[in-house]
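Here is how the chains run, residue by residue.
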Amino acid sequence: MSQHVARYKVFIRLFIIVALTLIAILAWFSFMNADRTPTATENSRALIGGHFELVNQLGKPVTEKDFLGKYMLVYFGYTYCPDVCPMDLQIMADAFNDLTPEQQDKINLVFVTVDPERDTVETMAEYVSFFSEKLIGLTGTVEQINNIKKAYRVYAAKADDSPDYLVDHTAYTYLMDKDGTFLQHFNHGENAEEMAVKIASFMNK
Ligand code: NI
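Residues numbered from 1 in each chain as written. Predicted model: local features only at pLDDT ≥ 70, side-chain atom pairs only at ≥ 80, totals over all residues. Heavy atoms only, no water.

1. Some points on the pattern of salt bridges
On inspection of all chains with the given rule, the structure shows three salt bridges. One salt bridge connects Lys65 with Glu64, and the closest N-O pair in it is separated by 3.8 Å. The buried category is assigned to Glu64, whose relative accessible area is 16%. Between Lys158 and Glu117 there is a salt bridge, with the nearest N and O atoms lying 3.4 Å from each other. Of this pair, Lys158 sits in strand E6 (residues 156-158) while Glu117 is found in the loop between strand E4 (107-113) and helix H5 (121-129), placing the two residues 41 residues apart along the sequence. (Salt bridge = Lys/Arg side-chain N within 4 Å of Asp/Glu carboxyl O. Buried < 20%, exposed > 50% of the residue type's maximum accessible area, 1.4 Å probe, protein only. Helix = DSSP H or I, 4+ residues; strand = E, 2+ residues; numbered from the N terminus.)

2. A short note on the packing of aromatic side chains
Each aromatic ring pair is described using two quantities: the centre-to-centre distance and the angle formed by the ring planes. Under the defined criterion, the tally for this structure stands at ten aromatic pairs. A ring pair is formed by Phe76 and Tyr174, whose centres lie 6.2 Å apart and whose planes are at 85°; its orientation type is edge-to-face. Note that Phe76 is positioned in strand E3 (residues 71-77) and Tyr174 in strand E8 (residues 173-176), a separation of 98 residues in sequence. A relative accessible area of 1% means that Phe76 is categorised as buried. On the numbers, 6.3 Å between centres and 65° between planes, the contact of Tyr172 with Tyr174 is edge-to-face. (Phe/Tyr/Trp six-rings, centres within 6.5 Å; stacked < 30°, edge-to-face > 60°.)

3. A closer look at the sheet that holds strand E5 (residues 135-139)
With respect to topology, seven strands assemble into an open sheet ordered E2-E1-E5-E4-E3-E8-E9, the strand pairing being mixed. Edge positions in the sheet fall to strand E2 (61-63) and strand E9 (182-186), since each has one partner strand and no second. Ignoring which end each strand starts from, the neighbouring axes of this sheet average 35° apart. Alignment of strand E1 (residues 53-56) against E5, held across two bridges, turns out to be antiparallel. Within the sheet, the bridge partner assigned to Asn56 lies in E5 and is Leu138. (Pairing = 2+ DSSP bridges. Axes fitted to C-alpha atoms, helices over the stretch in contact; angles between N-to-C directions.)

4. Re the coordination of the nickel ion
Distances from the nickel ion to its protein donors, Cys81 (SG), Cys85 (SG) and His169 (NE2), fall at 2.0 to 2.2 Å. Between the donor residues of the nickel ion, the gaps in sequence give the motif C-x3-C-x83-H. With respect to burial, Cys81 and Cys85 carry one shared label: buried. (Donors = N, O, S within 2.8 Å, 3.2 Å for Na, K, Ca; no water.)

5. Concerning the packing of helix H3 (residues 84-98) against helix H7 (residues 192-203)
For the pair H3 and H7, the least separation of the axes is 8 Å and the interaxial angle reads 55°. Taken together, the axes of H3 and H7 are oblique relative to one another. Relative to H7, the crossing made by H3 is right-handed. Each of Ile91, Asp94, Ala95 and Asp98 in H3 lies in contact with H7, whose residues at this interface are Ala192, Glu193, Met195 and Ala196. Looking at the contact of H3 with H7 residue by residue, the classes come out as five nonpolar, no polar and three charged. (Parallel < 35°, antiparallel > 145°, perpendicular 65-115°, else oblique. Left-handed = near helix turned anticlockwise from the far one by under 90°. Contact = heavy atoms within 4.5 Å. Nonpolar A, V, L, I, M, F, W, Y, C, P; charged D, E, K, R; others polar.)

6. Concerning the side chain of Gln104
Along the polypeptide, Gln104 turns up in helix H4 (residues 101-104). Contact partners of Gln104, with chain neighbours within four places excluded, come to Phe96, Asn97 and Leu99.

7. A few points about the environment of Tyr155
As for its position among the elements, Tyr155 is in the loop between helix H6 (142-151) and E6. In this structure, the C-alpha to C-alpha distance between Tyr155 and Asp168, residues 13 residues apart in sequence, is 8.0 Å. Among all residues touching Tyr155, those that are not within four sequence positions of it are Asp168, His169 and Thr170.

From the geometry alone we can't say anything about function, so treat these as descriptive.
See the structure below:
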């Protein structure tokens, strides 16, 4: 083998090593820069909802499994709430009444208290009946309510220490899918007809 050919082979080897190194660096950069951040929708679907153990207005223990197979409109508030909760629960009831009977069969209406110390099973039973015979009221121990608040990313806290305290709380109505995953939320004071149209559009997908 001539010296010339040997040098040529060394050069080819070096060239291959450099080329492979460059390819590896490029691959690493494109991997690091790839947008692997979940979209807002994927994020919320994963973040809102999940396991809970509570008691309904009939005193029966329930979990999230009792609500699977149907859509769910769920609102968090408290029965002593002077205005925000009654308004939003009335909107929920009105939106439900705007649905066809077939659509109504496919959805649960749920009100979860964020004030379990005052909202007993009996208090919940009387309260939900003001809005709709279909409205399910859920209460539980302070720990159980804290767990569902965490699962649904709900904020609620006593506004003061008086016996007739108010509770500051988020006022979203969540629409959950039949498999218990989050679909979308409605803000406080939503238009009931628009809410019904939106719910129906999910059902028709
Ligand atoms: Ni309220």
